[in-house]
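# Descriptive analysis of the structure
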Amino acid sequence: MKPSDIPFDRASIKVVCANQTFDRKQAKTEQSDDKTILRWDSLALSLERRDDGVCSVTIGNEGEETIRLQRVCIEWPAGQFEGRPDTREYVQLYHSRDFSKLSGIRPVHRPNEWSNPADASGMVTVLSARKDGSALLLGALPPYGDCFADFPLLHDKPHRDGAFGVGVHLHSPRSFAPGQEETLAGLIVLGGPDGNALLERYGELIRKRLDGQLRFQPRVTGWNSWDYYAGAIRQNDMIDNAETARRIFGETLRYMVVDEGYECQWGIWDSGWKFPDGLDGLCGAIRQTGYEPGIWTAPLLVNVYTPLYREHPDWFVGDAQGNVFLQNLGYGSMAQLDITHPDAAAFIAETFRRLRAAGFTYFKCDFTQLLLGASSFSGKDMSHAGMLRKLFGIIRDSIGADAYLLACGAPYEAVAGIADAHRTTGDIHNYWSHIRQNIRSMFARWWMQGTLGNMDPDFAIVRCGETTDDPQLNRRFGKQPWKVGANWCSGREMNAEEAKTLLLACLVTGGDLFLGDALGKLNLDGTMWLGRLLEQPAGRGKPVNLFRHDGDDLPIVIADYGGKTLVALFNLSDDYRVQQLPETVRQQAESGDEFWSGEREFFPASGDIPLSPRSVKAWLV
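Residues numbered from 1 in each chain as written. Predicted model: local features only at pLDDT ≥ 70, side-chain atom pairs only at ≥ 80, totals over all residues. Heavy atoms only, no water.

## What about the overall build of the protein chain?
- A tally of regular secondary structure across the protein chain gives twelve helices and 37 strands.
- Relative to the 2.2 N^0.38 estimate, which gives 25 Å for 621 residues, the radius of gyration of the protein chain is 25 Å and therefore close to what a compact globule would have.
- Principal axes of the C-alpha set define a box for the protein chain whose edges measure 75 × 70 × 45 Å.
- When burial is assessed residue by residue, the protein chain has 63% of its 621 residues classed as buried.
- Summarising the internal contacts of the protein chain: among those between residues at least 6 apart in sequence, 70% fall at separations of at least 24.
- Of the roughly 24100 Å² of accessible surface on the protein chain, a fraction of 47% belongs to carbon and sulfur atoms. (Helix = DSSP H or I, 4+ residues; strand = E, 2+ residues; numbered from the N terminus. Rg over C-alpha atoms; globule rule 2.2 N^0.38 Å. Buried < 20%, exposed > 50% of the residue type's maximum accessible area, 1.4 Å probe, protein only. Contact = heavy atoms within 4.5 Å. Areas by Shrake-Rupley, 256 points an atom, 1.4 Å probe, with all protein chains shown as cover.)

Below is the structure:
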């Protein structure tokens, strides 16, 4: 597959509205060297290719009535490609819209244990040939107009075991007023001999587009209460961990973040009974230890058993029937504030101004992706993407440009240029079932570090039988076997080798490093491992075999670290495996300093490195 196989001016095009579909076959076409305009009686769609290869998609309402837009579909069916590429000959980078689904490399023709090819990749996808590694990238460059971009695969047969094509679907369900015109997205098609190189080029184009908007700073570090304490966190726990962190880790940490459990109820983001000195008092106590205070919120979610929900029934989003859209979470039934309602938007702004005034400078905003399930709103002229961008814009204006904002779950393209950091994985916990699936997503999103801001791989945790004497590693969970696919606390808790595998993976992302254990309960080994991590300079790693057949189970990551090269060989499988040290590393040096011990180790002449199951070997070369 080559970029020349995907000519925008000859694509199959449909504009789907609520009560009408506009097909290219019925359009009047105006064609020039770099621009194609399709016109119907009341609608116009233009595709314009710029000098840098980006194709902008612009839609305009040229009629006299409001149009209820749904999506724009630009497609290249299987028959359009030279040689009719076969699904079995390709693998695909699947990039989920947010962390609630895993990302990674998957087969094109069949489901695997974690993904189904019927799910369209969001924002970007890469198709890589199994035989020679040649690749094709399709992507949209954020931030773009009020829409989401998906890249579905178009299979020639229902069984998906044969020829296939590709498409771009721009989802933008909202009202388009007469005379309204908007550029939805800038699309890019890249081709080359290596998928990683295409992702690097894609990242360069995003950074260029975000010039002046990109919020990026060196790796941020801290501690967060969630993973060990969860909703049971108390004020004294926060202070104890801050004081312990200062004694052990000093200035290598910056933030102490209180997560879920401090609040009165979801939606009422003020201190409850476990924080008797209030949020102002908490911030003051944390600052006395030399750290900056951070706070978790779920900005849109409101528990239905609050006065806020009872007294403002029109402030909340609805379902397709116009009923309040409710979702059941661990703390009860939740409604979501409607950002298109002026009073609800003002309430959110005031909430975050108050939290900033209390002293918080780090804000973790969670669960905003749940808005994608709602379908009726006070305003009709904005899609889900626009609402989320408006939400984070309000939060940014309220907390100030100097505060640090983590988008924990927000679709990446919707908040690019507003958030400082973006969660790339699901919640971590001290089980291999979590570690395995999170590492897959971390490495599939390696190119995002420094492109959209900082990446947040969730917590670097270390507690296990070898690193703490604490008999209660977790609150009590039910025991269940490890199942195929994504798992929540399945199998046994992690051991020391698995903990080191997680820590190395978090490090080589180059993203933020936040600890999540009860620091005072760790032994010397536990604190030494975390300290070793924190003392390393920040450096983004690249999984050099991402698109290879063994890249999922045996990723090899190389990163530049302070004038040295960090080489990490992972074995994420349950088998003993032998991995080959990259030739570039063998040419560079005959030995390396083992990451954890610092002792010099000579590489075998063959380059063969034996790896135990669920383990990593790493050297600074």
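Having seen it, we continue.
## Quick notes on the packing of aromatic side chains
- Applying the stated criterion to the full structure yields 22 aromatic pairs.
- With centroids separated by 5.6 Å and ring planes inclined at 20°, the aromatic side chains of Trp266 and Tyr331 adopt a geometry described as stacked. Of this pair, Trp266 sits in the loop between β19 (263-265) and β20 (268-271) while Tyr331 sits in the loop between β23 (327-329) and β24 (332-336), and the two are 65 residues apart along the sequence.
- Look at Trp266 and you get buried, because its relative accessible area is 5%.
- Between Tyr362 and Phe514 the ring centres are 5.2 Å apart and the planes differ by 40°, which places this aromatic pair in the tilted class. (Phe/Tyr/Trp six-rings, centres within 6.5 Å; stacked < 30°, edge-to-face > 60°.)

## Quick look at the side chain of Ser271
- The topology assignment puts Ser271 in strand β20.
- The class for Ser271 is buried, based on a relative accessible area of 18%.
- Setting aside residues no more than four positions away along its own chain, Ser271 makes contact with Tyr262, Cys264, Gly278 and Leu279.

In short, shape yes, function no, at least from these values alone.
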